[in-house]
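Spelled out, the chains give:
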Amino acid sequence: MASAQRIAFIFPGQGSQEPGMGREIAGAFPEARRVFDEANGLLGFDLARLCFEGPEAELSLTKNSQPAIFTVSIACLKALLAAVPGLPVPIAAAGLSLGEFSAHVAAGSLSFADGLTLVRRRAESMQEACDLVSSAMASIVGLSPETVGEICAAQETRGVIGIANLNCPGQVVISGCVAAVEAAMEEAGRRGAQKVVRLQVSGAFHSRLMKPAEERLREAVAAATISPPRYPVIANATGLPATDPEEIRGALVRQLCAPVLWEKSVRFIIGMKAGLFIELGHGRVLSGLLRRIDRAQRAANVGDLKGLERLRPALAADTGGATLCWRGRRRS
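Since this is a predicted model, take the numbers as computed values, not measurements. (Residues numbered from 1 in each chain as written. Predicted model: local features only at pLDDT ≥ 70, side-chain atom pairs only at ≥ 80, totals over all residues. Heavy atoms only, no water.)

Participant: It is not clear to me how the sheet that holds strand β3 (residues 135-141) should be interpreted in this structure. Could you clarify?
Facilitator: Two pairing modes exist for strands in a sheet, parallel and antiparallel, and in both the strands are linked by backbone hydrogen bonds. Read across the open sheet, the four strands follow the order β4-β5-β3-β6; overall the sheet is antiparallel. What marks the edges here is a single partner per strand, and that holds for β4 (161-168) and β6 (195-198). Across the sheet, the mean angle separating the axes of adjacent strands is 20° when strand polarity is ignored. Relative to the sheet, helix α8 (residues 145-154) contacts β3, β4 and β5 (171-177), its axis offset from that of β4 by approximately 165°. Helix-sheet contacts for helix α13 (residues 285-293) involve β3, β4 and β5, and the interaxial angle to β4 is about 80°. (Pairing = 2+ DSSP bridges. Helix = DSSP H or I, 4+ residues; strand = E, 2+ residues; numbered from the N terminus. Axes fitted to C-alpha atoms, helices over the stretch in contact; angles between N-to-C directions. Contact = heavy atoms within 4.5 Å.)

Participant: Sorry, what's going on with the layout of surface pockets here?
Facilitator: As a volume, the largest pocket reaches approximately 720 Å³. Lining the largest pocket are 28 residues, and of these Gly13, Gln14, Gly15, Leu199 and Val201 lie nearest its centre. Those elements that provide at least two residues to the lining of the largest pocket are α7 (112-132), β3, β4, β5 and α13. The greatest single-element share of the lining of the largest pocket, amounting to three residues, is contributed by α7. (1 Å grid on protein atoms, 1.4 Å probe; cavity = no way out; pocket = protein on both sides within 12 Å on 5 of 7 lines; lining within 4 Å. Points joined across faces, edges and corners; volume = space filled by probe spheres on them.)

Participant: It is not clear to me how the pattern of salt bridges should be interpreted in this structure. Could you clarify?
Facilitator: Proximity of charged atoms lets side chains of opposite charge pair with each other. Taken as a whole and assessed by the stated rule, the structure comprises 13 salt bridges. For Arg120, the salt bridge goes to Glu124, with nearest N and O atoms at 3.4 Å. Here Glu124 and Arg120 lie together in helix α7, a separation of four residues that amounts to about one turn. With a relative accessible area of 30%, Glu124 lands in the partly exposed category. Linking Glu150 and Arg191 is a salt bridge whose minimum nitrogen-to-oxygen distance equals 3.5 Å. (Salt bridge = Lys/Arg side-chain N within 4 Å of Asp/Glu carboxyl O. Buried < 20%, exposed > 50% of the residue type's maximum accessible area, 1.4 Å probe, protein only.)

Participant: Is there a simple way to think about helix α12 (residues 262-271) in this case?
Facilitator: Two residues of an α-helix separated by three or four positions point the same way, owing to the 3.6 residues in each turn. Every buried residue of α12 is accounted for by Trp262, Glu263, Ser265, Val266, Ile269 and Ile270. Each buried residue of α12 sits inside an arc of 160° when the element is viewed along its axis, so together they form one side. The elements touched by buried residues of α12 are β1 (7-11), β2 (92-95), β4, β7 (233-234), β9 (276-280) and α13. Looking one or two residues beyond α12, the residue adopting positive phi is Lys273, at roughly 70°. (Arc of directions from axis to C-beta.)

This is how it looks when you write it as structure tokens:
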């Protein structure tokens, strides 16, 4: 496979979960199945069954969805590496919120076991923080970040509120106490927002309300073994690479309360001349965001066997027709 191929890995965050995710990949690739088996042993319950069968309500609980999405992403990575033995080393990796942990496992900064341990602690701590205060998140489409920031600042007397995600041009996610978020949603509508939607999440992620979770995660991150990554991993909180182990520790903790700078992160990788973004995990949310950030960019998703099949022409286009070596069972 041509060494000139410049690929980047991107990993989804919470919200991409759905019963059935990872089932095809695990059935076709022993390498992927072993990821689920290891997760089952580390967690002490059948995560694989929860991913493959649900029920959806249980899978959607923060304490379950984050380890599930993380595990599926790494299983998809293992399937890709098995299917494409000569895959070039990525020029960079990034993950949306939770996905930053997946990106560090892919880059070798974290082992799968340490990554899963941190994700489980993160999920449990976030759920506990959500239970302390009635809080919410909302997506605002059609207003600038500056305008949304002004709206949030005007509602701070009602409680904690701020920008949580800058995902792509024209879309800003806010997070905070319910009263403040609801007032900000109304004001955004009056200011001409094209769309204002309250998100179906359990609390105010990426806001100061996550401070209790940040402290618990900090302890766990301090105890984890973190190595320099094989390639740059872009930090959510800065939109820039984090490559030193201590810098990585800080970035993984900081992102719990800081806004997710996803558009900035993607644009940094675009500036590195990536030729193909490969989204690893269930769903195609990040591929959709990439199109809204820069329609000229190419993306492929590996979340099931169809996704691997669709990856063939995308890779072959830049590798002179190189073929993929399928080691798993083919679909009938």
